[in-house]
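# Chain and residue survey
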Amino acid sequence: MSDLSDLYQEVILDHNRRPRNFGALANATRIANGHNPLCGDRLKLYLRLDGDRIADIAFEGSGCAISKASASLMTDAVKGRPIADAITLFDRFHQVVTTPIDQPIDEAAVGKLAVLAGVREYPVRVKCASLPWHTLKAALDGADEPVKTE
Ligand code: ZN
């Protein structure tokens with residue numbers, strides 16, 4: 001299994017180095033801010049909604065490799081998708097990262113996001129990986145208050 005973890009780590013490092021959908025979105029219809037005080041991760045998420053679809057999504061911010069890679073993977077996963085799909089994915093992802101390490105997870109249900117399943121070994125990192133998703137939820141809910149993981 002260690003080869004698999006190495007591969008997962010490679011994917012995370014790649015997304016951290018070259019984050020997808022990074023930058024501001026000029027024509028955003030929703031913006032939400034997320035902050036994880038435990039680690040210092042800060043995230044600003046831009047969404048352009050078109051009916052019930054996430055037409056475009058981008059993020060800015062600074063944080064650890066896990067939070068940045070998670071935001072990059074998340075934006076890739078939900079871009080162009082119906083809002084309902086994004087919420088389903090949020091639930092599945094949340095379930096994966098909060099499943100105890102000695103219990104099996106349904107990797108197929110979360111696709112590429114499974115690379116972040118390793119954070120289960122480090123409870124502090126679960127907040128880093130979840131921050132982009134909580135921020136997305138806030139943006140979809142239209143919440144004005146900044147999201148905090150604490
Ligand atoms: Zn972090």
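An account of the accompanying structure is given in this report. For clarity, every value in this text was computed on a predicted model and none was experimentally measured.

Conventions and cut-offs
- Residues numbered from 1 in each chain as written.
- Predicted model: local features only at pLDDT ≥ 70, side-chain atom pairs only at ≥ 80, totals over all residues.
- Heavy atoms only, no water.
- Phe/Tyr/Trp six-rings, centres within 6.5 Å; stacked < 30°, edge-to-face > 60°.
- Helix = DSSP H or I, 4+ residues; strand = E, 2+ residues; numbered from the N terminus.
- Buried < 20%, exposed > 50% of the residue type's maximum accessible area, 1.4 Å probe, protein only.
- Lys NZ or Arg CZ within 6 Å of the ring centre and 35° of its normal.
- Salt bridge = Lys/Arg side-chain N within 4 Å of Asp/Glu carboxyl O.
- Donors = N, O, S within 2.8 Å, 3.2 Å for Na, K, Ca; no water.
- Axes fitted to C-alpha atoms, helices over the stretch in contact; angles between N-to-C directions.
- Parallel < 35°, antiparallel > 145°, perpendicular 65-115°, else oblique.
- Left-handed = near helix turned anticlockwise from the far one by under 90°.
- Contact = heavy atoms within 4.5 Å.
- 1 Å grid on protein atoms, 1.4 Å probe; cavity = no way out; pocket = protein on both sides within 12 Å on 5 of 7 lines; lining within 4 Å.
- Points joined across faces, edges and corners; volume = space filled by probe spheres on them.
- Nonpolar A, V, L, I, M, F, W, Y, C, P; charged D, E, K, R; others polar.
- Pairing = 2+ DSSP bridges.

### Quick word on the packing of aromatic side chains
- With the rule as written, the count across this model stands at three aromatic pairs.
- Ring centres of Phe 90 and Trp 133 lie 6.2 Å apart, and the angle between their planes is 55°; this geometry places the pair in the tilted category. One end of the pair, Phe 90, is in helix H3 (residues 83–98); the other, Trp 133, is in helix H4 (residues 123–141), and 43 residues separate them in sequence. Pair check on accessibility: Phe 90 and Trp 133 agree, each one buried.
- Measuring from ring centre to ring centre gives 5.3 Å for Phe 93 and Trp 133, while their planes differ by 25°; the resulting arrangement is stacked. Of the two residues, Phe 93 is situated in helix H3 and Trp 133 in helix H4; the sequence distance between them amounts to 40 residues. Accessibility classification places Phe 93 together with Trp 133 in one group, the buried group.
- Site record: aromatic cluster; members linked through ring pairs are Phe 90, Phe 93 and Trp 133.
- Across from the ring centre of Phe 22, 5.6 Å away, lies the NZ or CZ of Lys 68, which sits over that ring.
- The ring of Phe 90 has Lys 137 sitting right over it, with the charged end atom 5.5 Å from the ring centre.

### Section: the pattern of salt bridges
- One pass over the structure, following the stated rule, counts five salt bridges.
- For Asp 50, the salt bridge identified is with Arg 53, shortest N-O distance 3.6 Å.
- Members of the salt-bridge network, linked through shared partners, are Asp 14, Arg 18 and Arg 20.

### Points about the coordination of the zinc ion
- With distances of 2.2 to 2.6 Å, the protein atoms coordinating the zinc ion are Cys 39 (SG), Asp 41 (OD), Asp 41 (OD), Cys 64 (SG) and Cys 128 (SG).
- Judged by its relative accessible area of 30%, Cys 39 is partly exposed.
- What makes Cys 128 buried here is its relative accessible area of 0%.

### Some thoughts on the packing of H3 against H4
- Two elements in contact, H3 and H4, have axes whose closest approach is 11 Å; the angle formed by their N-to-C orientations is 155°. One finds that H3 runs roughly antiparallel with respect to H4. Judged by the sense of rotation from one axis to the other, the crossing of H3 with H4 is left-handed. Only Val 126, Ala 129, Ser 130, Trp 133, His 134, Leu 136, Lys 137 and Leu 140 of H4 make contact with H3, whose side of the interface consists of Ile 83, Ala 86, Ile 87, Leu 89, Phe 90, Phe 93, His 94 and Val 97.

### Comments concerning empty space enclosed by the protein
- On inspection of all chains with the given rule, the structure shows one cavity of 30 Å³ or more.
- Lining the largest cavity are 13 residues, with Arg 42, Leu 43, Ser 62, Ser 67 and Lys 68 sitting closest to its centre.
- Among the secondary structure elements, those contributing two or more residues to the lining of the largest cavity are strand E2 (41–50), strand E3 (53–62), helix H2 (65–78) and H4.
- Split into classes, the residues belonging to the lining of the largest cavity amount to five nonpolar, four polar and four charged.

### Some words on the pairing of E2
- Judged from the seven bridges that link them, strand E1 (residues 30–36) and E2 form a sheet pairing that is antiparallel. Bridge assignment links Arg 30 to a residue of E2, and that residue is Leu 47.
- Adjacent in sequence and paired antiparallel, E1 and E2 are bridged by four residues, among which Gly 40 carries a positive phi angle near 95°.
- For E2 and E3, the ladder comprises nine bridges, and the chain directions are antiparallel. If you follow Lys 44 over to E3, its bridge partner there is Glu 60.
- Hairpin geometry of E2 and E3 is characterised by an intervening segment of two residues between the two adjacent antiparallel strands and by a positive phi of about 65° at Gly 51.

Geometry only, nothing functional implied.
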